[in-house]
Amino acid sequence: MLDPSSSEDTGGESDPEVFPEAPRKAAGKPCGSSRTSGHSQPRQSTAPGGKTGAKDSGVSCGEEEERKERERREKEEEEERKMKLQIYVFVLRCVAYPFNAKQPTDMARRQQKVNKQQLQAVKERFLAFLNGETQIVADEAFCNAVRSYYEGFLKSERVSRMVQSGGCSASDFREVFKKNIERRVRSLPEIDGLSKETVLSSWIAKYDAIYRGEEDMRRQSQRAHLSAVSELILSKEQLYEMFQQILGIRKFEHQLLYNACQLDNVDEQAAQIRRELDGRLQLAEQIARERRYPQFVSADMEVLYVDELRSAVNLLMANLESLPVSKGGPDFKQKLKRSSMNNSFLDMGDEGDILSKSEVVLSFTLEIVIVEVQGLKSMAPNRIVYCTMEVDGGQKLQTDQAEASRPQWGTQGDFTTTHPLPSVKVKLFTESTAVLALEDKELGRVVLNPTTNGPKQAEFHRMVVPKSSQDTDLKIKLAVRMDKPPNMKHSGYVYALGQRVWKRWKRRYFVLVQVSQYTFAMCSYREKKAEPQELMQLEGYTVDYCDPQPGLQGGRVFFNAVKEGDLIMFACDDEQDRVLWVQAMYRATGQSYKPVPPPQNKTTNCRGGSLNQASPISLDPSQRQGVEELISAAPCHFDHAALFTILQKNTLQHRMKDSFSCLGWFSPGQVFVLDEYCARYGVRGCHRHLSYLKDLMECSENNVLVDPTLLHYSYAFCASHVHGNRPDGMGTVTVDEKEQFEAIRNRLIALLDNQITHFRYCFPFGRPDGALKATLSLQERVLMKDITTPVPPEDMKKLVQRCLEKAARINYSQLMEYAQIKDPQAAPEKRLEDLTRLGELCIEVLQQNDEHHSEVFLLFGFLSAFSWWPELMAEHAEMFLFLYQADMDAALQIQPVDSWDSFPLFQLLNNFLRTDPHLCNGTFHKHLQDLFVPLVVRYIDLMESSIAQSIHQGFEQETWQSVNNGSATSEDLFWKLDALQLFVLDLHWPEPEFAKHLEQRLKLMASDMMEACVKRTKSAFDTKMQKASKTTDFRVPPSVCTMFNVLMDAKKQCSKLCVLDSGQEKGRIHLFHYYLKTSFIPDNQCDAFHPLLFLQFAAVLDGVLSKLSRYDEGTLFSSILSFTVSSRSFFCPVPSPGMDVADTYITFVRQNQDILRDHINDELCIENMFEQWYTGSMKMVCVWLTDRLDLQLHMYQLKTLIKIVKKTYRDFRLQGVLDGTLNNKSYETIYNRLTVEEATAAVKAGDGLQGISMRDSEEEDD
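Keep in mind that this is a model prediction, so the values were computed, not measured.

J.: Got a minute to help me understand the pairing of strand E15 (residues 557-563) in this structure?
T.: Residues in a regular strand point their side chains to alternate faces of the sheet. Of all 7 residues in E15, 5 are buried; the element is thus mostly enclosed. As judged from the 5 bridges shared by strand E14 (residues 542-546) and E15, these two strands associate in the antiparallel manner. Looking at E15, one finds that Asp544 is bridged to Asn560. Relative to strand E16 (residues 566-572), E15 runs antiparallel, the two sharing 7 bridges. Directly across from Val562, in E16, lies its bridge partner Leu567. Count of turn residues in the E15/E16 antiparallel hairpin: 2 residues, of which Gly565 carries a positive phi of about 90°.

If you want it as structure tokens, here you go:
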């Protein structure tokens, strides 16, 4: 076990957890240690009395128990830590050399979490927008939507819980807002040129601006990009760091284990896998041999279990075999090391297949660098020299030319060869100066046989010169670098002697070649040969150190390879070379035994294992022992199911705490490591998913949001496995798996029941998206007895119905707590106020349920299994309202008699219920109607009595002063009738028959009230007209005009208040006739009002005409009046006769026209009155003239009539009377008669008319 208290972290940082463990070690020592005994003896010695001794003894016993408990805890912690370190070793190997799994790239990207600080910041930003503190321009509709979002969502306690559970992201916030505004935008009226999709996109853009606030968008996008990359693909170093955090491994512990496991050595990792697989095969054979099977549900599965173990190992072998040995090199024929224990899984050829020499192919790259030549003295300084190079007699390469005084090049030549011992020739030439020379002159040569283990730097080599050369000390400096191919694991000169190959003790050049992942060969080569001279396939051999063998000359240190029927002895001249050979062959053979160097050659630890001298970390013996225990432990001896359970649980806990809203989904890197672990160490798929289910359910029970899809997938896998459907190819089912599955099934049923019951709190605002429908689908799957028989829809419906009934009670109790209605004995007004507020909250809850939890019906409504969801949600709402009904009835019972303050409550509830197709006319809705029917009837009765009394009292005290469109009494009447009808209309009574009854009653009442109003006005008008003067001094009183206005207003209000809609008149002929009769009362009364007024005007005109009648021709009064006027004209000027009568009448007409025009509000009525007044006046004058058709008009009569007729004509034309009415027959008759009379008077009297004429003239005096 690693002892962190005595190690140093090579990472350059001190680990804060290293030093505190040292005191715990000291405290955990036995009681016999010197420190503990040193403290206990003085206490015992200071207890001379019995009481003191007993007291000290009690204290000592208490301290002893505490010490033992502390030791026990420390021991448990130490065991747990050791177990996590062991798991980490297995994880390191999975990450270092994966051959089964890859990091998935098709997983959904998880969103960043919203934490409490971010939620508070978002609230402040939206509040700032609502307070007008931002620069974002928005209309009233958007502000209302944001206010509703802020009040209903951001300030909700459920959002705080969702953020606290770690399952809320900015995307969830955005989707909830989008759902809210979609319904609002759909209800807006259409606008030409502006589509609702454009409004939605604009609102979403403004929402994003508010949500972001003033953050730097550039930095935010960079953070999002980096987080997305880390979420998708992780490097090995990132995976190491992640699982250090998951398992609580310190950095220096990772470094120790990394170096001890040789994770950077690919060959060691591949060899470790081969050893592990071999151990698993041996374990399978041991189980079959000793019959130590797990307890299965059927005894027939025991044989199948062993076959499955073998098949799993063979599959891993095939996966490992499929990995290329060398990347980028030639394709090698790969042979599989086949398990003879299960020939049915893979059949790749006979077991006795022998590797041929042609299958062992090596490819080398040589780099030859010629630097310079020394000792060239016989040549003239200006002679040209150059070098050539070739490998195995192949292609020649030449350096550049140089002068003999400075033969330096630095030229590199690249060659490829298949010979492990190639021949490299380098020659030095000089250009021949002879005319007939065909070739240049060779000055010297050198022949080399490089190996992959040779020096890489340039060295001097003595050249072989011709016999006639004077340069006997000619040397060339060059470097030959021979690269090692990936499938060449080791090489060198070794002595060998075997029974089948290498039968003579001889020094040979050996190469350890990896042909495939499972095929290794020890090959001996000669110079310039591509194929090995002899080879030995290492399958089945065991390599180990051995003592020197007497009788064998050559070699200082020995090792051997042993197999049944064969023994090969090897010897090297160097101890380090032997260690390297043994390590390379140990990896190649795949043997479980690890060779240990002899003690005299290596420093050993307590177990005999060799110390890795290449490790940069210096370890003391206790640490080396702990590291060795961890890395040398055989994986097949561990219960990997239990280890994986710990690993997966810690991984899930780490995942739930990271910055992503994962909902239980692992990251791609975590999925990759867990998949690789399960495949490599044989963790059964059912056990993996059972453990996953337990962990996910534990998170859900702790109020952490978990995606139900994950639960569904894992449960379906386990159910399929337990019922023998082989989802992962495993046909064996253990008793433990079945028992765990049944326990998890029962626990999952309870969990899902709880989630459906608390759906508003488990899936707040429909988040995660589609979680409720996934939960219902999972519940249906869990209730299935097997994988083929579906659950009857009625059973599923009853279960969900029961859950929703509980949900109604829970939701209502939570709502009561939120509303904080505590005092049941409060005043009636307070009770009604609280009841109304509670009703608003109930409506908000039901609307949220419909808005956020109706996706089950929308997505599954076409399936018969879930077609009942709307019905159950309606029952849930009825149950919820039933609980509210009890409080409502209690609050309404204590309200005072004839109190109408409860009508707003009815309107609030009814407006919601009548628009809901499932709740309209439901149980609660009908109860609400039954409760308020007596109140509505009573209210209408009282209003009818009150209106009737106000009519009687009002008209008794009416002053007929103009108020708006009528008098004070009429205005009050019409307002009350309209308000009463609007009140009943706003009730939107849902029951059609009662609604029609209310409307009919109100229309009848309005007709009766209007008829009474019109009659009282008519009576007052008659009284007023009877008292009026008949002379030209009469002026229409303002009160009479007010009466006219009352009648006109009544006529307008009649069509509004007294007539039923056309759709309700069908089948009610008698009612229609009644309304028809009453609707024309104002018209009839108006027609009756006009003649009375016109009689008054006619009486005035009749008085004027009576005065003119005194001047009729042939009467005594006429002669007297004429004489009087003529005699007075002798003494003084006399005004024109008739001007006073005419002027007085014209003034009377004009002033009454102005009064009617100013005080009567109906323009149409005024025009009608003026037409009738004009027509009646002209008729009276025409009749008066007709009666005097045989008489000639007196000059006085003529002048008066001409002025009255002309001025009346002009005044009524100015008041808007049409020409057709002005020029009627009566006027034409009058005009013709007066024109004739005017002409006669002009002939007789000359200028007697004094300029008065029927002809139009601007000189007329007005």
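J.: Got a minute to help me understand helix H36 (residues 1139-1159) in this structure?
T.: An α-helical segment advances 3.6 residues per turn. Residues three or four places apart therefore align on the same side. Between its first and last C-alpha, H36 extends 30 Å over 21 residues, near the 30 Å set by a 1.5 Å rise per residue. Residues of H36 that are buried: Met1139, Val1141, Ala1142, Tyr1145, Ile1146, Phe1148, Val1149, Asn1152, Gln1153, Ile1155 and Leu1156.

J.: For this particular structure, what's the right way to read the pairing of strand E11 (residues 506-514)?
T.: For E11, the buried fraction is high: 7 of the 9 residues fall into the buried class. Examined bridge by bridge, strand E10 (residues 488-497) and E11 share 8 bridges and lie antiparallel to one another. Of the residues in E11, the one forming a bridge with Val494 is Arg508. In terms of strand pairing, E11 meets strand E12 (residues 520-525) through 6 bridges, oriented antiparallel. Bridge assignment links Tyr509 to a residue of E12, and that residue is Tyr525. Once E11 ends, the chain turns through 5 residues before running back antiparallel as E12.

J.: Looking at this structure, I do not really get the sheet that holds strand E5 (residues 408-417). What am I missing?
T.: The pairing of strands in a sheet happens through backbone hydrogen bonds and is either parallel or antiparallel. Taken in spatial order, the 4 strands make up an open sheet running E5-E1-E9-E8, and their pairing is antiparallel. Edge strands, defined here as strands with exactly one partner in the open sheet, are E5 and strand E8 (459-462). The average undirected angle you get between the axes of adjacent strands in this sheet is 30°. Here 8 bridges tie strand E1 (residues 364-374) to strand E9 (residues 475-482), and the two strands are oriented antiparallel to one another. Residue Gln374 lies in a different strand from E9, and its bridge partner there is Lys475.

J.: Is there a simple way to explain unusual backbone geometry in this structure?
T.: For residues other than glycine, phi is negative in most cases, and the peptide bonds are mostly trans. Following Arg767, the chain continues to Pro768 via a peptide bond in cis, the omega torsion being -10°. In this fold, Pro768 is placed in the loop between helix H21 (759-762) and helix H22 (771-782). Even without being glycine, Leu663 reaches a positive phi, approximately 60°. One can find Leu663 in the loop between helix H16 (640-657) and helix H17 (668-681). By relative accessible area, which is 9% here, Leu663 ends up buried. Phi angles above zero are rare outside glycine, and Trp960 is one such case at about 60°. Of note, Trp960 is situated in the loop between helix H28 (923-956) and helix H29 (968-987).

J.: Just to check I follow, could you spell out the nonpolar core for this structure?
T.: Nonpolar side chains tend toward joint burial in soluble globular proteins. Counting residues in hydrophobic clusters, the biggest one holds 118 residues, and the most contacted among them are Tyr884, Leu1156 and Leu1234. It is helix H30 (residues 992-1026) that contributes the most residues to this core, 12 residues altogether. Setting aside anything within four residues of it in sequence, one finds Tyr884 in contact with Tyr812, Leu835, Leu838, Gly839, Cys842, Leu905, Leu909 and Phe924. Ranked by size, the runner-up nonpolar core spans 62 residues in total, among them Phe90, Phe243, Leu643 and Leu710.

Rules used in this analysis
Residues numbered from 1 in each chain as written. Predicted model: local features only at pLDDT ≥ 70, side-chain atom pairs only at ≥ 80, totals over all residues. Heavy atoms only, no water. Buried < 20%, exposed > 50% of the residue type's maximum accessible area, 1.4 Å probe, protein only. Helix = DSSP H or I, 4+ residues; strand = E, 2+ residues; numbered from the N terminus. Pairing = 2+ DSSP bridges. Expected span 1.5 Å × (residues − 1). Axes fitted to C-alpha atoms, helices over the stretch in contact; angles between N-to-C directions. Core = buried A, V, L, I, M, F, W, Y, C linked by side-chain atoms within 4.5 Å. Contact = heavy atoms within 4.5 Å.

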